Amino acid sequence: MSFLRRLISADRKKAQEGEQAKQHVAIIGLDAAGKTTIMKRILRSEYTLSKPTFGVNIEVYRYRTLEFVVWDLGGHAPIRKTLWKKFVTKASVIVFVVDAADQKRFHLAKEVFYESLANTDPNAPILFLANKSDKEEAASTLEVMEALELHKMTRGERPFNLFRCSALTGEGLFTAWDWLVDVVSKDSSIPTWHVKIYAAAIFDANAKELDHAIFGNPTQQAKIANAYRESIKETERFAKQMRDYNEAVTVLEIMNDFQLVITKNKLFVMGILIDVNDPVSRVLTISSRIFESIEMDYLKGHQISLEKVISNYFPLDAIS
Ligand code: G3D
């Protein structure tokens, strides 16, 4: 995943400065907030899960030089508290997950959050995820901000942000990670605006292909052609898997050099193949704009031309 690679590249810079080339990410929140589901969604199958031997339930995921420690806050035995300190003090990134639908425990979530904040590196950025946004009863971003009293965070120097997301559908999750990785890597060589679209394919809500477009020249570039074929398969698979959801997103790495961003709304499922280092959030904007612009034609039964829409609206993103 490009998110992870970008986090790793932030490590490399540190290594050059003589620090240990390892990033520790603490994923914290109350039990059942969705931490494990989020981790698995971000890491997919590319991690190793090391079962700790301490006899307590901490999940440690490793991906190359990244270490993710998933920790339930609240109600710990003293041994867990000691261990927790060991992990959280060395975390260079903190992700705090709240179940946005569990409003009864907002107060508890706030208390345990501020309690644990004292043990963290004061410069470590914090990403707040208001998870389970797919649930009807989920609180709004503003409600979660107020419940966690996030205005307090503005007093400090550390970067923080709150995103509403669903680990189930992927909505909001990848934009949030984009933010986090940008903050951590502070890498100005990462493009923040345009992406390089190599190919795109669109399906209807029943996973029937409506159109596809390949940019560049795939007949001369076998690699793009292969990545494109894999993208079509993955997009179709996602369309079938997410048939019951009106909104869904996922990001997959394709053949090391590409990533495929798949978005779904009520009518369409679209996969857009971009460079592995490109910002996913830009593609989410592009996708929703494309959905808007083709909806009318589609409902009238007209033929859709992805190539035309992408070249017209996003000429700088389509590679030539
Ligand atoms: P934790 O690791 O924070 O303890 P888990 O939480 O990731 O184990 O998630 C707890 C439960 O919430 C799981 O359900 C999981 O499927 C569900 N969940 C996680 N994220 C979401 C989400 O975004 N939306 C919805 N609707 N449910 C979510 P089970 O039933 O397996 O316990």
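Quick note: structure is the one above.
In short, a report on the structure. Small disclaimer: the values here were computed from a predicted structure and weren't measured. Each chain carries its own residue numbering, running from 1 in the written order of its sequence. The predicted origin of the model limits local features to residues at a pLDDT of at least 70 and limits the giving and counting of side-chain atom pairs to 80 or more, whereas totals for whole chains, interfaces and linings rest on all residues. Note that the side-chain values use all heavy atoms of the structure and ignore hydrogens as well as water.

## Remarks on the overall build of the protein
Put simply, DSSP H or I for four residues or longer makes a helix, DSSP E for two residues or longer makes a strand, and each gets a number counted from the N terminus. Along its length, the protein carries nine helices and twelve strands. Across the 320 residues of the protein, 52% fall into the buried class. For the protein, the accessible area works out to roughly 14900 Å², and carbon and sulfur atoms hold 49% of it. Accessibility here uses a 1.4 Å probe with only protein chains present; expressed as a share of the type maximum, an area under 20% marks a residue as buried, one over 50% as exposed, and anything in between as partly exposed. Accessible surface is estimated by sampling points in the Shrake-Rupley manner with a 1.4 Å probe; for residues, cover comes only from the protein chains shown.

## Some words on helix α2 (residues 35–43)
Those residues of α2 that sit buried are K35, I38, M39, R41, I42 and L43. Two residues or fewer past α2, R44 is found with a positive phi of approximately 50°.

## Here's the deal with the site of the ligand
Whether a residue is near a molecule or strand is decided by its heavy atoms; if any one of them lies within 4 Å of it, the residue is near. The immediate surroundings of the ligand are formed by 16 residues, with A32, K35, T36, T37 and D134 found nearest. Whenever a nitrogen or oxygen atom comes within 3.5 Å of another N or O atom, the pair is scored as a polar contact, on the condition that within protein one atom can donate a hydrogen and the other can accept it, and that pairs from neighbouring residues in sequence are kept only if both atoms are in side chains. At 2.6 Å, a side-chain N or O of T36 approaches an oxygen atom of the ligand. Residue K132 places a side-chain N or O atom 3.0 Å away from an oxygen atom belonging to the ligand. The greatest single-element share of the shell around the ligand, amounting to three residues, is contributed by α2. Charged residues are taken to be Asp, Glu, Lys and Arg, nonpolar residues to be Ala, Val, Leu, Ile, Met, Phe, Trp, Tyr, Cys and Pro, and polar residues to be all remaining types, Gly included. For the shell around the ligand, a count of residues per class yields five nonpolar, five polar and six charged.

## Examining empty space enclosed by the protein
Every definition here rests on a 1 Å grid over the protein atoms only: cavities are sets of points where a 1.4 Å probe fits but cannot get out, pockets are open sets enclosed by protein on both sides within 12 Å along at least five of seven lines, and lining residues have some atom within 4 Å of a point. Grid points are joined across faces, edges and corners, and a volume is the space filled by probe spheres set on the points. Taken as a whole and judged by the stated rule, the model has two cavities of 30 Å³ or more. Volume-wise, the largest cavity comes out at about 60 Å³. Lining the largest cavity, in full, are L30, D31, A32, A33, V97, V98, D99, D102, R105, F106 and A109. Among the elements of the structure, β5 (93–99) and α4 (106–117) are those that each provide at least two residues to the lining of the largest cavity. The element contributing the most residues to the lining of the largest cavity is β5, with three residues. What lines the second largest cavity is A199, A200, A201, Y228, S231, T235, L260, G271 and L273.

## Overview of the pattern of salt bridges
Definition used for salt bridges: Asp or Glu carboxyl oxygen within 4 Å of a side-chain nitrogen of Lys or Arg. All told, the structure shown has ten salt bridges when counted by the stated rule. Here R105 makes a salt bridge to D31, at a shortest N to O gap of 3.2 Å. One end of the pair, R105, is in the loop between β5 and α4; the other, D31, is in the loop between β1 (23–30) and α2, with 74 residues separating them in the sequence. With its nearest N and O atoms 3.5 Å apart, the salt bridge here joins E236 to K240. With E236 and K240 both in helix α7 (residues 222–241) and four residues apart, the pair spans about one turn of that helix.

## With respect to unusual backbone geometry
The backbone of A32 sits at a positive phi, close to 70°, despite the residue not being glycine. Looking at the secondary structure, you find A32 in the loop between β1 and α2. In the Ramachandran plot, N256 falls in the positive-phi region, its phi being about 65° despite a non-glycine side chain. One can find N256 in the loop between β10 (248–254) and β11 (258–264).

## Re the sheet that holds β10
The antiparallel open sheet is built from five strands, whose spatial order is β9-β8-β12-β11-β10. The sheet is open, and its two edges are formed by β9 (209–214) and β10, each paired on a single side. Each adjacent strand pair in this sheet contributes to an overall mean axis angle of 15°, direction not counted. Sheet analysis places strand β8 (residues 197–204) next to β9, joined by five bridges and oriented antiparallel. Looking across to β9, one finds that F203 is bridged to E209. Following DSSP output, two strands are said to pair if at least two bridges run between them. Comment: axis = line fitted to C-alpha atoms, over the contacting stretch for helices; angle = value between 0 and 180 degrees taken between N-to-C directions.

## Some words on the environment of F174
Within the element layout of this structure, F174 appears in helix α6 (residues 173–185). Here F174 falls in the buried class, since its relative accessible area comes to 1%. It is 7.6 Å that separates the C-alpha atoms of F174 and V251, two residues lying 77 residues apart in sequence.

## Quick word on helix α8 (residues 280–299)
By this rule the span expected of a helix is its residue count minus one, scaled by 1.5 Å. The end-to-end C-alpha distance of α8, which contains 20 residues, comes to 28 Å, matching closely the 28 Å that a straight helix rising 1.5 Å per residue would cover. Taken as a whole, α8 carries its principal kink of about 30° at S293. Within α8 the residues assigned to the buried category are V280, R282, V283, L284, I286, S287, I290, F291 and I294. Looking one or two residues beyond α8, the residue adopting positive phi is G301, at roughly 85°. The seven residues ending at a residue and the seven starting there each receive a fitted axis; the angle between those axes is the bend at that residue.

## Here's the deal with the pairing of strand β7 (residues 160–164)
One ladder, built from five bridges, connects strand β6 (residues 126–131) with β7; its direction is parallel. In the strand pairing of β7, I126 is matched with F160. Crossovers are marked right-handed if the path from the first strand over the helix to the second runs clockwise, as seen with the strands pointing away from the viewer. At this point the chain moves from β6, through helix α5 (residues 141–147), to the parallel β7, and the crossover so formed is right-handed.

## Describing the side chain of R158
Within the secondary structure, R158 is located in the loop between α5 and β7. In this tally, Asp and Glu contribute negative charge and Lys and Arg positive charge; neither His nor the terminal groups of the chain are included. D121 is the oppositely charged side chain nearest to the buried, salt-bridge-free R158, at an N-O distance of 6.1 Å. Here D121 takes part through its backbone oxygen, which lies 3.0 Å from a polar atom of the side chain of R158. By the convention used here, residues are in contact when the closest approach between their heavy atoms is within 4.5 Å. Dropping the residues within four chain positions of it, R158 is found in contact with I94, L117, T120, D121, P122, N123, A124, I126 and M153.

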